[in-house]
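Below, each chain spelled out in residue letters.
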Amino acid sequence: MRPDRIPLFPLNVVLLPGASLPLHIFELRYREMVKKCLGGKSEFGMLLSLPKGVAHVGCTAEITEVVKRYSDGRMDILTVGRAPFRVVELFQENPLLEGQVDYLEDRGAHASPGIQRQLVELYEACHTLVFNDYPKNLEGTPAEELSYLVASTLPIDLLWKQQILELRSEEDRQERLVGYLREWAPHLQNNKVMRQRAGGNGHGLN
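Residues numbered from 1 in each chain as written. Predicted model: local features only at pLDDT ≥ 70, side-chain atom pairs only at ≥ 80, totals over all residues. Heavy atoms only, no water.

Topic: the side chain of glutamate 124
Just so we agree on the cut-off: Note on conventions: DSSP H or I runs of at least 4 residues are helices, E runs of at least 2 residues are strands, and numbering of each starts at the N terminus. Think of it in three bands: residues with accessible area under 20% of the maximum for their type are buried, residues over 50% are exposed, and the middle band is partly exposed, with areas taken using a 1.4 Å probe on protein chains only. Charge assignment in this entry is limited to Lys and Arg as positive and Asp and Glu as negative, and neither His nor the chain termini are counted. Criterion for a salt bridge: a side-chain nitrogen of Lys or Arg within 4 Å of a carboxyl oxygen of Asp or Glu. Definition of a polar contact: a pair of N or O atoms within 3.5 Å, with one able to donate and the other able to accept a hydrogen when the atoms are protein atoms, and with sequence-neighbouring residues admitted only if both atoms are side-chain atoms. Only heavy atoms matter for contacts: two residues are in contact if any of them lie within 4.5 Å across the pair.
Along the polypeptide, glutamate 124 turns up in helix 2 (residues 113-131). Put simply, glutamate 124 is tucked away with no salt bridge, and the nearest opposite charge, on arginine 117, sits 11 Å away. Within the structure, the side chain of glutamate 124 is placed 2.6 Å from the side chain of tyrosine 134, a separation counted as a polar contact. Look past the residues within four positions of glutamate 124 in its chain and what remains in contact with it is Tyr134, Pro135 and Leu138.

Comments concerning helix 3 (residues 146-153)
Residues three or four positions apart in an α-helix share a direction because the helix packs 3.6 residues into each turn. Of all the 8 residues making up helix 3, 6 are buried; the element is thus mostly covered by neighbouring parts of the structure. Residues Leu146, Ser147, Tyr148, Leu149, Val150 and Ala151 constitute the buried set of helix 3.

Observations regarding the side chain of arginine 173
Tracing the backbone through its elements, the reader meets arginine 173 in helix 5 (residues 170-200). For arginine 173, a relative accessible area of 0% gives the class buried. A polar side-chain atom of arginine 173 sits 3.0 Å from a polar atom in the side chain of serine 147. What arginine 173 contacts, discounting residues up to four positions off in sequence, is Asp106, Glu144, Ser147, Tyr148, Ile164, Leu167 and Arg168.

With respect to the pattern of salt bridges
All told, the structure shown has 11 salt bridges when counted by the stated rule. Here glutamate 98 makes a salt bridge to arginine 5, at a shortest N to O gap of 2.7 Å. With glutamate 98 in strand 7 (residues 98-103) and arginine 5 in strand 1 (residues 5-11), this pair connects stretches of sequence that are 93 residues apart. Judged by its relative accessible area of 35%, arginine 5 falls in the partly exposed class. Between lysine 35 and glutamate 32 there is a salt bridge, with its nearest N and O atoms 3.8 Å apart. Remark: glutamate 32 and lysine 35 occur in helix 1 (residues 28-40); sequence separation between them is 3 residues, near one turn of the helix.

Quick word on unusual backbone geometry
Located in the positive-phi region is lysine 41, a residue other than glycine, with phi close to 50°. Tracing the backbone shows lysine 41 in the loop between helix 1 and strand 3 (44-50). Although it is not a glycine, asparagine 132 sits at a positive phi angle of roughly 55°. Tracing the backbone shows asparagine 132 in the loop between helix 2 and helix 3.

As for the packing of helix 2 against helix 3
Any two packed helices are characterised by how steeply their axes cross, that is the angle between the axes, and by the distance between the axes. Put simply, the rule reads: Helix axes are fitted to C-alpha atoms over the stretch in contact, other axes to C-alpha atoms as well, and angles between N-to-C directions run from 0 to 180 degrees. The scheme is simple: roughly parallel for angles under 35 degrees, roughly antiparallel for over 145, roughly perpendicular for 65 to 115, oblique for anything else. Definitions for this section: a left-handed crossing has its near helix turned counterclockwise from the far helix by less than a right angle. A right-handed crossing has that turn clockwise. Under the convention adopted here, Pro, Cys and the residues Ala, Val, Leu, Ile, Met, Phe, Trp and Tyr are nonpolar, Asp, Glu, Lys and Arg are charged, and Gly plus all remaining residues are polar.
Direction vectors running N to C along helix 2 and helix 3 enclose 15°, while the axes themselves pass 11 Å from each other. With respect to each other, helix 2 and helix 3 are oriented roughly parallel. For the pair helix 2 and helix 3, the crossing hand works out as left-handed. Counted together, Gln116, Leu119, Val120, Tyr123, His127 and Phe131 of helix 2 and Leu146, Val150 and Thr153 of helix 3 form the full contact between these two elements. Its residues assigned to classes, the contact of helix 2 with helix 3 comprises 6 nonpolar, 3 polar and no charged.

Here is the structure:
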């Protein structure tokens, strides 16, 4: 059972279930939080930090490894996203932000095979355009986790990523991503062509 009140770590990132997130911990309050989480084998909550405040839907992070400890107390840790949650109440009386949270379960149907196929094809195309490499992380991914995998791997807009986290069915998430990637792919293609043209200018002039 996950606790109803958890420490919160606002940051300008969106953590999705199953996604890895390396963190450099340097503030004293977060160093103490990490120590407590390691000691209690507990999770903390990641929330997207925005100029107007923090998002109210986030994802818990499990610390899977302390990669490096520094002599001054700083740490490099590796975390993985686990459970989406909604903040019911924020507590700021301590140096560390905490929240009373409700954990969010998926509801509704899985995505249709047609939408899933479109998402895989668009993901492969966008991944190849962005990273100049074919994605190797699709094999073995459960169908109900495909949207999280796609949204966490590609460098998509943070607010879009936040929308994916807040949707409560895999069908809705996959449909939203298909629409996003369908519009995004032509821009990626155009950018790649422009980079290739720019890279070719001036060659052989010396």
